[in-house]
Amino acid sequence: MSFEWFALAAAFLWAFSSLISVTPARHLGPFAYSRWRMGCVALMLSSMAWFTGGWQSIESAYFWPMALSGLIGIFIGDTALFACFNRIGPRQAGLLFSCHALFSAVLGYWLFNETMRMVELLGALLVFSGIVIAIFFNKKRGEHDWEAVKGNLWVAIVLGLTAGLCQALGGIIAKPVMQTSIDPIAASAIRMCTAFAAHCMLRATNMPITLPHKPLNLPILGAVAMNGFLAMAVGMTLILYALRDGNVGMVALLSSTTPIMILPLLWLHTKKRPSRASWIGAILAVIGTGLIVS
């Protein structure tokens, strides 16, 4: 698989897993949910790296950049994202989070002198335009409870943009390391273990925001573990594979198609058909993706 397909596969897994996350994230709260999720994924990835021998590829020079990437991209970014989910739902939060493509493209151009061919630039513009049209103009009466705004809208906007910026920074920091011989699964495990350790230290302070809203139960734990496996153990590892060969901006752009992929999944779940603007946006995004991967 080329890096484009790795990024698109990650986007689909994030779309599917975001629907799984709504109930447990609201049940536990963003901090408790992220902590349990990261704990499950840290165990999964560490075991996979041990089984495949990936830990042998880790050198001391690789550890700290990947740890910093996990601290910013996962500990801060993911927690902000789920706080945003809890306030405005997965579809609208997805639009804000998709801005990580813009942040990544700017940072990639600035730090790595990354450029795009004309056809790739046209495809990028179509994808981003499609995302904006599909999400921003998808307003219909009788919205599902997931679409209702809970709390201050501006707080949700800040949280969503923070999540996108942290995702971009995490990818930028990881990019140079991923171009070495490091094993992507072991690299992903370092990021996840660092984020989990940071959450545990924060929980040790006994701050009210770190406490679960409701007690953890077996069905909620199962949903947390499933979401973590799909989105983080598989999805984020695919992103690291993509970063080995692709430029940061293009990988971020393709992975930001998650909001488009959420639309049919939401239709299946809520039984509410997306608006005409949503389908127009989806078609533009598909055409743009085709231009990029061709």
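For the structure itself, consult the block above.
Residues numbered from 1 in each chain as written. Predicted model: local features only at pLDDT ≥ 70, side-chain atom pairs only at ≥ 80, totals over all residues. Heavy atoms only, no water.

## Looking at the overall build of the chain
Selection criterion: Strands here mean DSSP runs of E at least two residues long; helices mean DSSP runs of H or I at least four residues long; both are numbered from the N terminus. Each residue gets one of three labels from its accessible area relative to the maximum for its type: buried under 20%, exposed over 50%, partly exposed in between, using a 1.4 Å probe on protein chains only. In what follows, a contact means two residues having at least one pair of non-hydrogen atoms within 4.5 Å.
Check the secondary structure of the chain and you find eleven helices and zero strands. Secondary structure elements in the chain, listed N-terminal to C-terminal, are α-α-α-α-α-α-α-α-α-α-α. Classification of the 294 residues of the chain by burial places 55% in the buried group. A fraction of 93% describes how many contacts in the chain between residues 6 or more apart in sequence connect residues 24 or more apart.

## Looking at the packing of helix α6 (residues 153-178) against helix α8 (residues 218-245)
The following threshold applies: Fitted lines through C-alpha atoms serve as axes, helices being fitted only where they are in contact, and the angles separating the N-to-C directions of these axes extend from 0 to 180 degrees. Angular relationships are summarised with four words: roughly parallel below 35 degrees, roughly antiparallel beyond 145, roughly perpendicular across 65 to 115, and oblique for the angles in between. Helix crossings are classified by the rotation of the near helix relative to the far one: an anticlockwise turn of less than a right angle makes the crossing left-handed, while a clockwise turn makes it right-handed. Amino acids outside the nonpolar list (Ala, Val, Leu, Ile, Met, Phe, Trp, Tyr, Cys, Pro) and the charged list (Asp, Glu, Lys, Arg) are all regarded as polar, and Gly is one of them.
It is the contact of α6 with α8, at a shortest axis distance of 9 Å, that shows an interaxial angle of 55°. For the element pair α6 / α8, the angle class is oblique. Of the two possible hands of crossing, α6 and α8 adopt the one that is right-handed. Here Gln167, Gly171, Ala174, Lys175 and Met178 of α6 come into contact with α8, specifically with Met236, Leu240, Leu243 and Arg244. Along the lines of polarity and charge, the residues of the contact of α6 with α8 split into five nonpolar, two polar and two charged.

## Things to note about the packing of aromatic side chains
To keep it simple, the criterion reads: The pairing test for Phe, Tyr and Trp rings, Trp by its six-membered ring, is centres within 6.5 Å, and the orientation test on the planes gives stacked under 30 degrees, edge-to-face over 60, and tilted for anything in between.
One pass over the full model with this rule turns up three aromatic pairs. Residues phenylalanine 6 and tyrosine 241 carry aromatic rings whose centres are separated by 5.6 Å and whose planes lie at 25° to one another, so their mutual orientation is stacked. In this pair, phenylalanine 6 sits in helix α1 (residues 3-28) while tyrosine 241 sits in helix α8, placing the two residues 235 residues apart along the sequence. Phenylalanine 6 sits in the buried class, given a relative accessible area of 15%. Measuring from ring centre to ring centre gives 4.8 Å for tyrosine 33 and phenylalanine 82, while their planes differ by 75°; the resulting arrangement is edge-to-face. Taken together, the residues tyrosine 33 in helix α2 (residues 30-52) and phenylalanine 82 in helix α3 (residues 60-97) connect sequence positions 49 residues apart.

## Regarding α1
As a reminder of what qualifies: For a helix, the expected span equals 1.5 Å multiplied by the number of residues minus one. Bend angle per residue: angle between axes fitted to the 7 residues ending at that residue and the 7 residues starting there.
Between its first and last C-alpha, α1 extends 35 Å over 26 residues, near the 38 Å set by a 1.5 Å rise per residue. Along its length, α1 reaches its greatest deviation from straightness, about 40°, at serine 21, and the proline proline 24 lies no more than four positions downstream. Counting buried positions along α1 gives 19 out of 26 residues, so the element sits mostly inside the fold. A positive backbone phi angle near 95° is found at glycine 29, which sits one or two residues after α1.

## Considerations on the nonpolar core
Let me state the cut-off plainly: The definition of a nonpolar core used throughout is a set of buried Ala, Val, Leu, Ile, Met, Phe, Trp, Tyr and Cys residues joined through side-chain atoms within 4.5 Å.
Core analysis: the biggest nonpolar cluster contains 70 residues, and Met66, Met178 and Met192 have the highest contact counts within it. With 15 residues, the single largest contributor to this core is α3. Each residue touching methionine 192, except ones within four places of it in the same chain, is listed here: Met38, Val41, Ala42, Leu45, Ile74 and Met232. Formed by five residues, the second largest nonpolar core is a distinct cluster that contains Ala15, Leu19, Ile262 and Leu265.

## Concerning empty space enclosed by the protein
Selection criterion: The method works on a 1 Å grid over the protein atoms by themselves. A cavity is a set of points holding a 1.4 Å probe that cannot get out, a pocket is an open set with protein on both sides within 12 Å along at least five of seven lines, and residues with an atom within 4 Å of a point line them. Grid points are joined across faces, edges and corners, and a volume is the space filled by probe spheres set on the points.
This model, assessed by the stated rule, comprises two cavities of 30 Å³ or more. Considered as a void within the structure, the largest cavity measures approximately 240 Å³ in volume. Together, 22 residues line the largest cavity, and Trp14, Ser18, Leu81, Phe85 and Phe97 are the ones closest to its centre. Listed by contribution, the elements that provide at least two residues to the lining of the largest cavity are α1, α3, α8 and α10 (258-270). The greatest single-element share of the lining of the largest cavity, amounting to eight residues, is contributed by α3. Here the lining of the largest cavity is composed, by residue class, of twelve nonpolar, eight polar and two charged. What the second largest cavity holds in volume is close to 120 Å³. Along the wall of the second largest cavity there are 16 residues; nearest its centre are Gln167, Gly171, Ile239, Leu243 and Val251. Mapped onto the lining of the second largest cavity, the elements with two or more residues apiece are α4 (100-112), α6, α8 and α9 (248-255). Ranked by the residues each element gives to the lining of the second largest cavity, the list is headed by α6, at five residues. In terms of residue class, the lining of the second largest cavity is made up of nine nonpolar, six polar and one charged.

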